[in-house]
Amino acid sequence: MRHIILISLMLAPFSAYAQMGTVHYTHTYAVLHSHYFVYRALTAEAFGSKPLSPETHATVSRSMVFGAAASLMYPTDKPHVEPEDRKVSGGVEYIDTTYVDFGGRTYTESRVIGAEIYLVSDELPAIPWRLENEERIYLGLRVMKATTEVDSAAVEAWFTPEIPIPAGPGLYGGLPGLILMVTNAASGEVYAADSLEMNMLFRAIEPPTRGRKASDRKYRRAKAAEIAEDRRVWEQSLRDIEEGKVQIIRRRGQ
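Just so you know, these numbers come straight off a predicted model, no measurement behind them.

Enquirer: Just to check I follow, could you spell out the pairing of strand β9 (residues 153–160) for this structure?
Expert: A regular strand places its side chains on the two faces of the sheet in alternate fashion. When you tally the buried positions in β9, you get six out of eight residues, the bulk of the element. The sheet contact formed by strand β8 (residues 141–150) and β9 spans seven bridges and is antiparallel. Bridging across to β9, M144 finds its partner in F159. What sits between the antiparallel neighbours β8 and β9 is a turn of two residues, in which D151 has the positive phi angle 50°.

Structure below.
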C-alpha cells in the first residue's frame, strides 16, 4: 500500500500535463487589402458613383488539437493539414495552419500570399501577459483574464487553469492554462471557443510540411513585395480605365 501511495504522489504532478483534447473556435480576423482605395474607385465607376468596399473582416471555424508538448490549429472543415485547395476569403494574406512546440518555444505555420504558400518556422514571440483579478465561467470552466499589447494594440485573453496547458489559438499562448478566448480591439480579431472535447484528438498533432520554407523575417519581406505588386496591378488597372484603354460597363440601381 505504501508503494502504491508513493507512486500516486510521484505521478500526481504529471497528471495535469497528461491532458489532451480538441477545442473549436470561431475566428474573426481582419482581411489584409493592398488595394482598398483603388477597389473603391473602380467600383464607383462601375456602379455609378456608389463605391463598394471589399470586406474588412472574415469569419471562419478553426479547431486546435493540443497535448502536453504541442498544439496544432487548422481550418475545421478541411480533411487535411496542408493548405492546397483552400478557399481563401479574399485579401492578400491568409494564415492557414499553425503548429506550436511548447518546450522548444517554436512554431511552424502555413501562410498563403496570393498563389504562394510559405512554411514559416521561427521562435515563438514573447508575449508579456499581465494577469488580471477577474474570473468567470466559460464553457463550464473557470477562466481568468490576462491582458497584453501586441504591436501597440490592446489584447485580452481568457484562459482556464483547470487545463494547465500553455496553448492558445494562433500564436497566442504561454499562459498557465488553455486560452479559450482572445480579443484584439484594434484589429477586430476575435477567437472564441465554441466547444471543447477533452481526451479527443480529431487529428495528429504534427506540423505542416508543404510550402516554401522561410523565417518570419524573410516571410515579411516577401509579403511586403507581394503587397507592392498587388497594389501596382490594381493601380495600373485604374489608370487604364482613366485613360480609356479599358472600358467598363456602368451599372446603376444596384
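Enquirer: Is there a simple way to explain the pairing of strand β3 (residues 70–75) in this structure?
Expert: In terms of residue burial, β3 counts as a mostly covered element, since six of its six residues are buried. Where strand β2 (residues 57–66) meets β3, five bridges bridge the pair, whose relative direction is antiparallel. What sits directly across from F66, in β3, is S71. Bridging between β3 and strand β4 (residues 93–101) involves four bridges; their strand directions are antiparallel. Note that in β4 the partner of M73 across the bridge is T98.

Enquirer: Just to check I follow, could you spell out the packing of aromatic side chains for this structure?
Expert: How two aromatic rings sit relative to each other is given by the distance of their centres and the angle of their planes. One pass over the structure, following the stated rule, counts three aromatic pairs. Between Y172 and Y191, the aromatic rings sit 6.3 Å apart at their centres with planes inclined by 75°, giving edge-to-face as the arrangement. On the criterion of sequence distance, the pair formed by Y172 in the loop between β9 and β10 (178–184) and Y191 in strand β11 (residues 189–198) is long-range, its members being 19 residues apart. As far as the burial class goes, Y172 and Y191 line up, both buried. Here a set of aromatic residues connected by ring pairs shows up, and it is made of Y25, Y172 and Y191. Over the ring of W158 we find R136, and its NZ or CZ is 3.8 Å from the ring centre.

Enquirer: Got a minute to help me understand the side chain of K145 in this structure?
Expert: Of note, K145 is situated in strand β8. Discounting residues that sit within four places of it in the chain, K145 has contacts with R130, L131, E132, E134, E156, A157, W158 and F159.

Enquirer: Before we go on, may I ask you to explain the side chain of T97 in this structure?
Expert: Its location among the elements puts T97 in strand β4. According to the relative accessible area criterion, T97 is buried, its value standing at 0%. Within the structure, T97 has its side chain in polar contact with the side chain of D96 (distance 2.7 Å).

Rules and cut-offs
- Residues numbered from 1 in each chain as written.
- Predicted model: local features only at pLDDT ≥ 70, side-chain atom pairs only at ≥ 80, totals over all residues.
- Heavy atoms only, no water.
- Buried < 20%, exposed > 50% of the residue type's maximum accessible area, 1.4 Å probe, protein only.
- Helix = DSSP H or I, 4+ residues; strand = E, 2+ residues; numbered from the N terminus.
- Pairing = 2+ DSSP bridges.
- Phe/Tyr/Trp six-rings, centres within 6.5 Å; stacked < 30°, edge-to-face > 60°.
- Lys NZ or Arg CZ within 6 Å of the ring centre and 35° of its normal.
- Contact = heavy atoms within 4.5 Å.
- Polar contact = N/O pair within 3.5 Å; in protein donor to acceptor, adjacent residues only side chain to side chain.

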